[in-house]
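Chain by chain, the residues:
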Amino acid sequence: MARQQPPPWVHPAFLLCLLGLGGAIEIPMDLTQPPTITKQSVKDHIVDPRDNILIECEAKGNPAPSFHWTRNSRFFNIAKDPRVSMRRRSGTLVIDFRSGGRPEEYEGEYQCFARNKFGTALSNRIRLQVSKSPLWPKENLDPVVVQEGAPLTLQCNPPPGLPSPVIFWMSSSMEPITQDKRVSQGHSGDLYFSNVMLQDMQTDYSCNARFHFTHTIQQKNPFTLKVLTNNPYNDSSLRNHPDMYSARGVAERTPSFMYPQGTASSQMVLRGMDLLLECIASGVPTPDIAWYKKGGDLPSDKAKFENFNKALRITNVSEEDSGEYFCLASNKMGSIRHTISVRVKAAPYWLDEPKNLILAPGEDGRLVCRANGNPKPTVQWMVNGEPLQSAPPNPNREVAGDTIIFRDTQISSRAVYQCNTSNEHGYLLANAFVSVLDVPPRMLSPRNQLIRVILYNRTRLDCPFFGSPIPTLRWFKNGQGSNLDGGNYHVYENGSLEIKMIRKEDQGIYTCVATNILGKAENQVRLEVKDPTRIYRMPEDQTAKRGTTVQLECRVKHDPSLKLTVSWLKDDEPLYIGNRMKKEDDSLTIFGVAERDQGSYTCVASTELDQDLAKASLTVLGRPDRPRDLELTDLAERSVRLTWIPGDANNSPITDYVVQFEEDQFQPGVWHDHSKFPGSVNSAVLRLSPYVNYQFRVIAINEVGSSHPSLPSERYRTSGAPPESNPGDVRGEGTRKNNMEITWTPMNATSAFGPNLRYIVKWRRRETREAWNNATVWGSRYVVGQTPVYVPYEIRVQAENDFGKGPEPDTVIGYSGEDLPSAPRRLRVRQPNLETINLEWDHPEHPNGILTGYTLRYVAFNGTKVGKQIVENFSPNQTKFTVQRTDPVSRYRFTLSARTQVGSGETVTEESPAPPNEAYTNNQADIATQGWFIGLMCAIALLVLILLIVCFIKRSRGGKYPVREKKDVPLGPEDPKEEDGSFDYSDEDNKPLQGSQTSLDGTIKQQESDDSLVDYGEGGEGQFNEDGSFIGQYTVKKDKEETEGNESSEATSPVNAIYSLA
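Residues numbered from 1 in each chain as written. Predicted model: local features only at pLDDT ≥ 70, side-chain atom pairs only at ≥ 80, totals over all residues. Heavy atoms only, no water.

A. Focus on the sheet that holds strand β40 (residues 449-454). If you trace the four strands from one edge of the open sheet to the other, you get β40-β47-β46-β43, paired in mixed fashion. The open sheet is flanked by β40 and β43 (472-477), the only strands paired with a single partner. Averaged over all pairs of adjacent strands, the angle between their axes in this sheet comes to 30°, without regard to strand direction. When β40 meets strand β47 (residues 519-530), the two strands line up parallel, connected through six bridges. From the neighbouring strand, Gln449 faces β47, where its bridge partner is Val525. (Pairing = 2+ DSSP bridges. Helix = DSSP H or I, 4+ residues; strand = E, 2+ residues; numbered from the N terminus. Axes fitted to C-alpha atoms, helices over the stretch in contact; angles between N-to-C directions.)

B. The arrangement of the nonpolar core in detail. Counting residues in each nonpolar core, the largest one holds 30 residues, and the members touching the most others are Ile55, Trp69, Leu93 and Tyr110. Listing elements by their share of this core, those giving two or more residues are β4 (53-55), β5 (57-62), β6 (66-71), β9 (93-95), β10 (108-116) and β12 (126-130). For Tyr110, the residues in contact, after removing those within four places along its chain, are Ile55, Trp69, Thr70, Arg71, Phe76, Leu93, Asn124, Arg125, Ile126 and Leu128. (Core = buried A, V, L, I, M, F, W, Y, C linked by side-chain atoms within 4.5 Å. Buried < 20%, exposed > 50% of the residue type's maximum accessible area, 1.4 Å probe, protein only. Contact = heavy atoms within 4.5 Å.)

C. Region of the structure containing the pairing of strand β52 (residues 565-570). Residue alternation in β52 divides its side chains into a buried set, Val566, Trp568 and Lys570, and an unburied set, Thr565, Ser567 and Leu569. In this structure, β52 lies alongside strand β53 (residues 573-574), joined through two bridges in antiparallel fashion. Opposite Lys570, over in β53, you have Glu573 as the bridge partner. Where β52 folds back onto β53 in an antiparallel hairpin, the turn is made up of two residues, including Asp571, whose phi is positive at roughly 50°.

D. Highlighting the side chain of Thr836. As for its position among the elements, Thr836 is in strand β74 (residues 836-842). Assessed through its relative accessible area of 14%, Thr836 is described here as buried. Residues in contact with Thr836, not counting those within four places in the same chain, are Gln831, Thr882, Val883, Gln884 and Arg885.

E. Local environment of the confidence of the model for the protein. The predicted model of the protein has a mean per-residue pLDDT of 85, with 85% of residues at 70 or higher. Contacts from residues 5-23, a stretch scored under 50 in pLDDT, to residues over four places away or in other chains number 27 contacts. Here residues 918-925 is a poorly scored stretch, pLDDT under 50, and it has twelve contacts once near neighbours within four places are set aside; other chains count. (pLDDT = per-residue confidence, 0-100.)

F. Representation of the state of the cysteines. Per the counting criterion, the structure on display carries six disulfides. Shown here is the disulfide that connects Cys156 with Cys207, its sulfur atoms set 1.9 Å apart. Handedness of the Cys156-Cys207 disulfide follows from its S-S torsion of about -70°: it is left-handed. Note that Cys156 is positioned in the loop between β14 (152-154) and β15 (166-170) and Cys207 in strand β18 (residues 206-211), a separation of 51 residues in sequence. Assigned by exposure class, Cys156 and Cys207 land together as buried. Each disulfide pairs two cysteine sulfurs, and for Cys279 the partner residue is Cys327, the sulfurs being separated by 1.9 Å. Because the torsion about its S-S bond is -75°, the bridge between Cys279 and Cys327 counts as left-handed. Within this pair, whereas Cys279 is found in the loop between β23 (275-278) and β24 (280-284), its partner Cys327 is found in strand β28 (residues 323-331), the two being separated by 48 residues in sequence. In this structure, Cys279 and Cys327 share a single accessibility class: buried. For the protein, the disulfide bridges join cysteines in the arrangement 1-2, 3-4, 5-6, 7-8, 9-10, 11-12, where the cysteines are counted in sequence order. (Disulfide = S-S within 2.5 Å.)

G. Layout of the environment of Leu518. With respect to the secondary-structure elements, Leu518 resides in the loop between β46 (508-516) and β47. By relative accessible area, Leu518 is classed as partly exposed at 38%. Taking the C-alpha atoms as reference points, Leu518 and Asp438, separated by 80 residues in sequence, lie 8.2 Å from one another. Leu518 has contacts with Asp438, Val439, Pro440, Pro441 and Ser468, leaving out every residue within four places of it along the chain.

H. Up close: the environment of Arg526. Tracing the sequence through the fold places Arg526 in strand β47. When the C-alpha positions of Arg526 and Gly508 are compared, they lie 5.9 Å apart, and in sequence the two are 18 residues distant. Setting aside anything within four residues of it in sequence, one finds Arg526 in contact with Gln449, Leu450, Ile451, Gly508 and Ile509.

Right under this line is the structure:
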């Protein structure tokens, strides 16, 4: 952010006043006066021969002057030449060639004379020349034979033209010749080779001359070079190699000067012109040139180096630039110097140029003509175009060298005087008239002007006037009697009043009064003081990324009586407000900032009196420009040095460079990243692979993004070698159950190392350790057929090219194709409670591949009712699962299978056990069909049969079975057991033996048997419990007397016998 202000006194009226302060006094055109030359052609006037010729000469005077010309110092009679005319009210000559004629016939020195009755004014002597562009002489040029490393100069020798043509060198196919410190064009137009290299034969060299006026280019026949060399192989990659010369067998030499010759020379230059010093040296390696001035420093403000430091230019030379300059040419073999002695001469230049002299009758005055030059110029006075010595004598006039003194001038003294000062390098001619007038004061500006000025500025009030004798001028404010001069006021010789710093109290009416002996004249100026225009909130310097939005503020305070205009400049030029910009009263907004928006923005707040400026810079962060001029050096079998010139970082520092390569064998046109380097380097050694035809490019990266890739480098091919690695990611997988597909990642161009890259594929079954099978493959896959299902194989893949085989490859285990797995083993269903069911299983005996998981399908059922099937998928490592029951009654049926990538295999099915409270009610039919139940019932029946047989045998032997008396009531189902598990039996007589059994349909039936214990109990009843065990009692009928008379004895009952066996 910066505030820029014009000079504080800048004011439109004041600018006009300034223009008159430094010039001669002007006589109003309504008064008589001698002629004054106002316009003329340059001294050396070169014209285009295709156009008409104009030689300008215009003048003013009262009465209006007449004109005539001389050519080569003789009167030029315009009336006699039909091609020549003079413009009306002007002395300008027009020579018309539309009707024929040769412009060259009118070359010569012309001078214009403007005359009226008060004197004659002269123009400069104008030398007219016609532009020339002669043809190049035809010549046959033999090939230039030169030894490699020797210096060479190809001379141009253009035809002399007017003005001198511009020289440049090109090939015959119009391609410019690349120039550097080794090959360059001298100021004379010749082409210099500090040392010739074999590559210089690749083109021819033609000198071209461009002529300014005719806009034509002429071409010289081209030179062809024949370079003799000890190394005919032209490796362009060595072009900028530091050891390029030794690599090509070129002997190194100390420098020597090709131009100028010798160790010293001299040069003359005219003051005000440019000094051009030139030193061109030969040598191997190419010498460097440095410049020095003996006894002092080079003028840094005027000196600049050109042509790869071979030329030193000093602009606008002055006498202090004289002295000795020397150039130093050096290389690693040595150095030499050449001294140039510079002499500065000077054509005449004014010290005091004569000015018009206005006198009243009887006044004294003088004309002064002082000039300097080297050598010292001479001064010659003339009057009305004639030498002063030849003019009539004038007793009132005295010549004293460079001054003419006039005393007591009279009307007869009016004339135009010429001062001509000259030396061998040029001349100066000035006209100054002497006018004798008797005129009272008069004001030349409009009356009662309004001048508005800005507070605190400096300003001048102009009051142009004229009179003879020259009047005196005084200023007054608001009619006050005191003259304004001194302090804050200053009156100039021409009568202008300067107010150094305007204050509010300076506002008012100012009166200027011009007085001479013939009278007086006055004029008034009204001065108004206005507040200044100020930008109180200036735009800030900003940095923005491309595509963002930027707002530049500019808030202004100004005098309300003045109209304010706010405009914007970009890079000091008016800003075009496009559709991406929005200008408001106090800001400028730029949407979608682009690189072209970068620059300085100036807010200009202006009124008709003043303005204020504030500048801010907008820096746009863009992607870097592409690197350029890629060069390959230090070429080796497995490395190369890549050097590049960084592009513009576009205000965001380059952080990285990415080097990419492309090869033309495996993937032509495809670029791959090679390496990455910090943004601070521009040269790097790149590691290379064998047998790759490399081409490189570089991409620059900064915070904003990546540059466009550079143009590619030249190609470089490395030699071949056997592969140093084998393909990666080797795999063996079956695509069918009876095959195995071997795949790998093919090697790229940088790992092939040679032509005809191929792969040796080997495989064998892992368990058998059989001999290796092998095949040679050019692609990246091989299919082995007729393999067993999912068998491990040992696999090897080895790279081979025409130079040999790669290293021994690693062994990789692969598998043939998979199949469906067998069923999971031992599916176990457990029901720890009424809420959950636990499942467990083992992996399949034959997975036939890599298990990918298990699939469980289960459904709840209750009798004939079946619920919705549920499917669960498990990971291959999961072998347990818990099912949450939805009700305590239903049972579940589970179907489980294993999966490979081929699909789901065989299934195994199990059901959950029945709930305990349903064993003999709802599901009796199901229990009766179970094997364990049938076996148990058979065992019980066998035991009962054995006991019956035992009892029958004892009965037949007369055995007694006393029964323990304990209860008087029949034994019911609810009677408790004893601790040993037996039941108590009653001895109640005639008690029937009861027995029952739950039928499969849930009803109770009377047990009928041909072999019932009732038969043995004589009418007693027996029964079986729900578990199938026998309970009951039996009674033996005897005489009451017998019963009472005998003591009872206790024997083991059949039921107890059953429980004891149970």
